[in-house]
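Inside the fold
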Amino acid sequence: MIRRVGERLVIATHNEGKLREISALLEPFGIACTGAAELDLPEPEETGVTFIDNAELKARTAADLSGLPALADDSGLCVEALGGMPGVFSARWAEAREGNRDFALAMERVWEQVEACGPQVSRDAHFVCALAIAWPNDGQTESFEGRVDGQLVWPPRGGQGFGYDPMFLPEGHEQTFGEMDPDAKHAISHRARAFRKLVAELE
Ligand code: IMP
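Residues numbered from 1 in each chain as written. Predicted model: local features only at pLDDT ≥ 70, side-chain atom pairs only at ≥ 80, totals over all residues. Heavy atoms only, no water.

1. A short note on the site of the ligand
Taken together, 15 residues lie around the ligand, and K18, S75, D165, K185 and R191 are the ones closest in. One of the side-chain nitrogen or oxygen atoms of D74 is found 3.5 Å away from an oxygen atom of the ligand. In the environment of the ligand, a nitrogen atom lies 3.2 Å from a nitrogen or oxygen atom belonging to the backbone of Y164. Here the ligand loses 89% of its free accessible area of 480 Å² to cover by the protein chains. Among the elements that line the shell around the ligand, the one with the most residues is strand β3 (residues 70–79), at three residues. Along the lines of polarity and charge, the residues of the shell around the ligand split into five nonpolar, five polar and five charged. (Near = heavy atom within 4 Å. Polar contact = N/O pair within 3.5 Å; in protein donor to acceptor, adjacent residues only side chain to side chain. Areas by Shrake-Rupley, 256 points an atom, 1.4 Å probe, with all protein chains shown as cover. Helix = DSSP H or I, 4+ residues; strand = E, 2+ residues; numbered from the N terminus. Nonpolar A, V, L, I, M, F, W, Y, C, P; charged D, E, K, R; others polar.)

Here it is, written out as C-alpha cells:
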C-alpha cells in the first residue's frame, strides 16, 4: 500500500484528454484530480534518460510548486533494433516544421532506420508507460511501470489510436493497436498495465 494520497491530486499534464482519463480512473477512490494548467504550473523540460526519470521529474515539479501530491506519466515506443530508440524521444521523433507533430513521418523515420539495419534484423518493439506520484515537502516518490511487447509492421495499419499505434502489432494479436477497438487496446496497453499496478497499491 502506498502512502496516503489524500483527497486531491495534481495531474502533472497539460493534456486535457489525459486529465479526463486519469480523473475517471481515480474517482472511485475518492480522489479529486486537478490539472497542471488549472494551477498555472509550468511544463518542465523532459531531461531524463528513462521514462521513470521523466515521470518523476514532472511529478516532483508539480508537487513542489503546488504543495499537493502530484501524479505524472511518461511513455514511448522502444525498438530493439534501434537500441531502444525512439524511447523517451518518441514525441520528439514526430516533430515536424512549425512545432507540429507528424506521426506518419515519425513512423517512417523508425521504419527507415530499422530497414537500414538489414533484412534479418529483429522487428521486436515494446511500449512503456511510467507513472510517478510525488509528495510535497519530503521528496518522497513512488513509481510504477507497465509494458506491452510486440512487433513492428510495415506499412502501418488502421486509423484508430494515436502516435505509433498503426505500426505496432501486440504479441498474440492479429490487429495492430491502430486497427484495434480502443477498449481492446486499453485492456492490454502499457498505460493500462501501469495504472493497474498503481490502483492495486491504492486499494
Ligand atoms: P508522452 O508520454 O505524452 O510524453 O508521449 C510520448 C509519445 O510516445 C507519444 O507522443 C507517442 O508518440 C508515443 N506513445 C506513447 N504511448 C503510445 C500509445 O499508446 N500508442 C502510440 N504511441 C504512443
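After that view of the structure, there is still more to cover.
2. Re the pairing of strand β5 (residues 141–152)
Taken together, the eleven bridges between strand β4 (residues 124–134) and β5 define a ladder with antiparallel strand orientation. Bridging across to β5, A132 finds its partner in S143. With antiparallel pairing between neighbouring strands as the criterion, β4 and β5 make up a hairpin whose turn holds six residues, including N137 at a positive phi of roughly 75°. Here β5 pairs with strand β6 (residues 168–170) via three bridges, running antiparallel. Opposite L152, over in β6, you have F168 as the bridge partner. (Pairing = 2+ DSSP bridges.)

3. Regarding the side chain of T176
With respect to the helices and strands, the residue T176 is situated in the loop between β6 and α4 (182–188). Judged by its relative accessible area of 0%, T176 falls in the buried class. (Buried < 20%, exposed > 50% of the residue type's maximum accessible area, 1.4 Å probe, protein only.)

4. Observations regarding the packing of helix α1 (residues 16–26) against helix α5 (residues 190–202)
Contact geometry of α1 with α5 gives a least axis separation of 11 Å together with a crossing angle of 35°. Relative to α5, the crossing made by α1 is right-handed. On α5, the residues that touch E21, I22, L25 and L26 of α1 are R191, F195, L198, V199 and L202. Partitioned by chemical class, the residues of the contact of α1 with α5 number seven nonpolar, no polar and two charged. (Axes fitted to C-alpha atoms, helices over the stretch in contact; angles between N-to-C directions. Left-handed = near helix turned anticlockwise from the far one by under 90°. Contact = heavy atoms within 4.5 Å.)

5. With respect to the packing of aromatic side chains
Inspection of the entire model under this criterion finds five aromatic pairs. Site record: aromatic cluster; members linked through ring pairs are F127, F168 and F177. (Phe/Tyr/Trp six-rings, centres within 6.5 Å; stacked < 30°, edge-to-face > 60°.)

6. Digging into unusual backbone geometry
For the peptide bond that leads from M85 to P86, omega is 0°, which places it in the cis range. Note on placement: P86 falls in the loop between β3 and α3 (103–116). Residue P155 follows W154 across a cis peptide bond; omega there is 5°. Tracing the backbone shows P155 in the loop between β5 and β6. A positive phi angle, near 75°, is found at N137, a position not held by glycine. Tracing the sequence through the fold places N137 in the loop between β4 and β5.

7. Concerning α3
Over its 14 residues, α3 extends 20 Å from the first C-alpha to the last, a length consistent with the 20 Å expected when each residue adds 1.5 Å. Buried within α3 are the following residues: A106, M107, V110, W111 and V114. Burial along α3 is one-sided: seen end-on, the buried residues are contained in an arc of 130°. Away from its buried face, by an angle of more than 90 degrees, α3 presents the exposed residues E112 and A116. (Expected span 1.5 Å × (residues − 1). Arc of directions from axis to C-beta.)

8. Describing the sheet that holds β4
Pairing in this open sheet of six strands is mixed, and the strands run β2-β1-β3-β4-β5-β6 from one edge to the other. Only two strands of the sheet have a single neighbouring strand rather than two, namely β2 (32–35) and β6. Averaged over all adjacent pairs, the angle separating strand axes in this sheet is 35°, with direction ignored. In this sheet, β2 lies alongside strand β1 (residues 8–11) in parallel orientation, the contact comprising four bridges. Looking across to β2, one finds that R8 is bridged to A32. Sheet strands in contact with α5 are β3, β4 and β5, and its direction is about 150° off that of β5.

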